[in-house]
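# Chains, contacts and geometry: an overview
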Amino acid sequence: MDKVMSDKKVIALYVLPALLIILTLVYSPIVMTGYYGLMKWDGIGEMEFVGLANYTRLLSDSMFWQSVYHSFLLALFSVISLAAYLLVALILAGKIKGANVLRKIYLIPMLLSSVAIAQLWLRIYHPTNGVINSLLTFLGVEDIPLWLADPNIVLFAIFIAILWQYAGFYILIYYAALKNIPESLIEAARIDGATPWQIAYKIKIPLISNVIKVTIVLAVVGSLKYFDLIYVMTNGGPNGASEVMASYMYKQAFRSFDFGYGSAIGFFLLLICLVITWLIRKLTASKEEIQY
Amino acid sequence: MIRKKYSLIFALTMVFLLVVTGCSSPNTASSGNEQADDAEIVTINFMHLWPAGSSRQQNMIVNEIIEEYQDANPHVRIVQEVLENEQYKNKLQIISASNELPDVGMTWPAGFMEPYVKGNRFTPLDDILHGGVKELFVAGTTEAYAVDGKTYAFPLELNIVPLYYNKAIFAEYNLEVPTDFEAFKHVVQTLVDNKVAPIALGNKDRWTGSLWYMYLADRLGGPEVLTNAINRTGTFEDESLVKAAEEVQNLVDMNAFVRGYNGLSNDEGKSEFLNEQAAMYLMGSWELPNFTTNDEIPQEFRDNVGYFKFPTVDGGKGDIDSWVGGPGVGLFVAENSPVKEEAKQFVKFFVERWGDQAVARAGVTPATTVDTSVLELPQLYIDVLNDLGKASNITLFADVQMRAAVAETHLNMIQSLFGKQVSPEDYAKKHEEALAAEGN
């Protein structure tokens, strides 16, 4: 068997199917997007080469930069909320009663489709009959917020729904990582008189630092290209107040029939994601593997 | 023990899979043979947006027409692909980019279809139009589907936008149907004073708010100002267009619209009217079934719905018989269809059959002329169809008239205008800029 696997031709043969799929489904569309980004194209008729005109337009498009700002805001909130997820995972992994049931409950939002989640939160935020506003009215609050119609709060209202949607996913990742820590280490620390806080802070978290780095990248990149709930809940409105990069790209390509510009935005989004991923890896790189 | 159980389950699954695949392969082989027998069968692919769930009546009529057509033409087989409205729009654009349009499909008029026509995706239908089809249509409706003098689609619907109101709520507060805008404002004020939301509006969809703006523009400046501003023979900074934006904000200041309208979809807005939480609702005549024949909506509510024409403004140039509206979806034939002639014949047959069926059973106000005296229709329909006949003008929906990019600006501006994030002057200015940039 070892002999077969060391043959370069055999390796190539085994890698080929996956390589072909990833080339046709992932890399060639990226190249095509880059190509369309240099064109003026309505998605139907003839293409016209315009060079970098779409990108110069991008740089001076205030609506676009507003959506970039919103995307980064979402990334920031996602990363901050990771701390909360880690805390929950630490508690769950700490052998509390009912941890199993709780873990499943946290995971439920992950099992719902985005559209179902959006519909659920639309009901919650409904200006007159929604859960929140019914409660506020009941409590006698005079000036009830119009969650999705008020440009000042719409973004945060949606953020809550998005963070809720992904909570279970990150909790599960942390939980699995924490469960992987050998029991003997923790026991040794306990015998040495370490408090639960110290165990968590000095032993558990450093040991899963690799997982934490991965989740930061996932959260940031996932936020930057986020689309689903925004599209269903507000479609970027009112007047761009909840627009993110991906929804703006969609609007340009499919609503304004400007595929060239939409592709340019898509390509730009890819570049941003690459740069950010590289930056995070650079910033969080540690020289040596932590071991105890 | 557990491991044994799993391996048993696994083994059973494999057996099941083998049986299923084993059964299915001879099946596919036999169906292949069947098709080989009728080699000369012509298949027409037909894509439409009336799923059996949300548009049951339309779907049924479509199926009947197809069946009838296939019976009369046994060599033709029509294959349907049905998508819901938004998905339909997306798919149409994507497949047209790769030039894989269905033989027959549905399109919207004017600005929507223009890129398709310019991109040489639709085929002109003038030969059939002048072969006895034109006479079927309400005068002036096919023009909305014409580009450079050629007609590229046949309309199925023709809608106008009445202002529906709840008679019971009006009666409760002794309100009369207003015919001028001052009286209308009085109605709004009375309702607000009595803590009833005057107007149901779901402005997340934005074109819904556009209807209000369009009517005010029409009543203030007459039917041509808006159209001229869009086709660049006029300007959007026309006094009456700015004034119309001001009037919209006056209504907003009076709390005329339901709470949170800018975050509600049209369906959510509509439900405020259906739940009798709001007294008025400005919407197309495509809503008529909900107020007449739809059994899912309580009879007593349906009996309470009436409509009136959008009130005139004192000193304004528009008259009360001018409507906002226009043809809805129409049928096109793809330019690269291998069965173009057959597809055209099918489209001809479809529009001939559609009209009477559509209005009598699906409640669609068709683009073909309807003899109201022969058909048994709810009174609300007869009134709307008669008013349609008397219309002095029908202004096509602004976002349909405009090119896509301009329409996007218009719709965003509408939302800002209703949200009071833009002044009427800036509102007009932004439109003017977008229109000038596009050279519409």
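Definitions and cut-offs
Residues numbered from 1 in each chain as written. Chains lettered and ligands numbered in written order. Predicted model: local features only at pLDDT ≥ 70, side-chain atom pairs only at ≥ 80, totals over all residues. Helix = DSSP H or I, 4+ residues; strand = E, 2+ residues; numbered from the N terminus. Domains from an automatic or database assignment. Contact = placed C-beta atoms within 7 Å. Nonpolar A, V, L, I, M, F, W, Y, C, P; charged D, E, K, R; others polar. Buried ≥ 20, exposed ≤ 12 C-beta atoms within 10 Å, placed from the backbone. Pairing = 2+ DSSP bridges. Axes fitted to C-alpha atoms, helices over the stretch in contact; angles between N-to-C directions. UniProt positions renumbered as here; feature names shortened; annotations may be inferred. pLDDT = per-residue confidence, 0-100. Expected span 1.5 Å × (residues − 1). Arc of directions from axis to C-beta.

### Some details on the overall build of chain B
- If you tally the helices and strands in chain B, you get 18 helices and 14 strands.
- Taken along the three principal axes of its C-alpha coordinates, chain B extends 75 × 70 × 50 Å.

### So, the domain arrangement of chain B
Residue and element names in this part refer to chain B.
- Along its sequence, chain B is organised into domain 1 (42-157 + 328-370) and domain 2 (160-325 + 394-438).
- Here the C-alpha centre of domain 2 lies 30 Å away from the C-alpha centre of domain 1.
- With 10 residues of domain 1 at the contact, the number on the domain 2 side is 13 residues.
- Taken together, the residues of the side of domain 1 that touches domain 2 break down into 6 nonpolar, 3 polar and 1 charged.

### With respect to helix 13 (residues 245-255) of chain A
- In terms of burial, helix 13 of chain A is a largely internal element, 9 of the 11 residues being buried.
- Along helix 13 of chain A, the positions that sit buried rather than exposed are Met245, Ala246, Ser247, Tyr248, Met249, Tyr250, Lys251, Gln252 and Ala253 of chain A.
- Buried-residue contacts for helix 13 of chain A involve helix 4 (62-93), helix 11 (209-224), helix 12 (228-233) and helix 14 (259-284) of chain A together with helix 17 (404-418) of chain B.
- Positive backbone phi, approximately 55°, marks Phe257 of chain A, located one or two places after helix 13 of chain A.

### Digging into the sheet that holds strand 12 (residues 322-327) of chain B
Residue and element names in this part refer to chain B.
- With respect to topology, 3 strands assemble into an open sheet ordered 7-12-14, the strand pairing being mixed. Both edges of this open sheet fall to strand 7 (158-160) and strand 14 (393-396), since each of them pairs with a single strand only. Shown here is a sheet whose adjacent strand axes are inclined to one another by a mean of 40°, direction ignored.
- The sheet contact formed by strand 7 and strand 12 spans 3 bridges and is antiparallel. Paired with Asn159 across the two strands is Gly326, which belongs to strand 12.

### Notes on the UniProt feature "domain: ABC transmembrane type-1" (unreviewed entry) in chain A
- The sites that UniProt annotates as "domain: ABC transmembrane type-1" (unreviewed entry) are residues 68-280 of chain A.
- The straight-line gap between the two end C-alpha atoms of residues 68-280 of chain A is 18 Å; of that span, 76% is helix and 0% is strand.

### Focus on the sheet that holds strand 11 (residues 305-308) of chain B
Residues and elements named next belong to chain B.
- In space, the 4 strands of this open sheet follow the order 9-10-8-11, with mixed pairing throughout. The sheet is open, and its two edges are formed by strand 9 (197-200) and strand 11, each paired on a single side. Direction aside, the axes of adjacent strands within the sheet are offset by 30° on average.

### Observations concerning the UniProt feature "transmembrane region" (unreviewed entry) in chain A
Residue and element names in this part refer to chain A.
- In the UniProt entry, the feature "transmembrane region" (unreviewed entry) is given for residues 12-38, 68-93, 105-125, 153-177, 207-227 and 259-280.
- As annotated, residues 105-125 has a helix share of 90% and a strand share of 0%, and its two end C-alpha atoms lie 22 Å apart.
- Annotated as residues 207-227, this span is 81% helix and 0% strand, and its ends, taken at the C-alpha atoms, are 33 Å apart.

### With respect to unusual backbone geometry
Residues and elements named next belong to chain A.
- Of note, Asn239 is a non-glycine position whose phi angle comes to about 40°, a positive value.
- Tracing the sequence through the fold places Asn239 in the loop between helix 12 and helix 13.
- A count of 22 C-beta atoms within 10 Å places Asn239 in the buried class.
- The backbone of Phe257 sits at a positive phi, close to 55°, despite the residue not being glycine.
- By the secondary structure assignment, Phe257 is in the loop between helix 13 and helix 14.

### Regarding the confidence of the model for chain B
Residue and element names in this part refer to chain B.
- With 91% of its residues at a pLDDT of at least 70, chain B reaches an overall mean of 85.
- Predicted confidence for residues 18-37 stays below pLDDT 50, and this span has 0 contacts to residues more than four positions away or in other chains.
- Interface confidence for the predicted complex, expressed as ipTM, amounts to 0.77; the pTM equals 0.80.

### Observations regarding helix 3 (residues 85-97) of chain B
Residues and elements named next belong to chain B.
- With 13 residues, helix 3 ought to run about 18 Å at 1.5 Å a step, and its terminal C-alpha atoms sit 19 Å apart, in line with that.
- Listed as buried for helix 3 are Tyr88, Leu92 and Ser96. Down the axis of helix 3, the smallest arc covering the buried residues is 50°, so these residues share one side. The exposed set on the far side of helix 3, more than 90 degrees from its buried face, consists of Glu86, Gln87 and Ile94.

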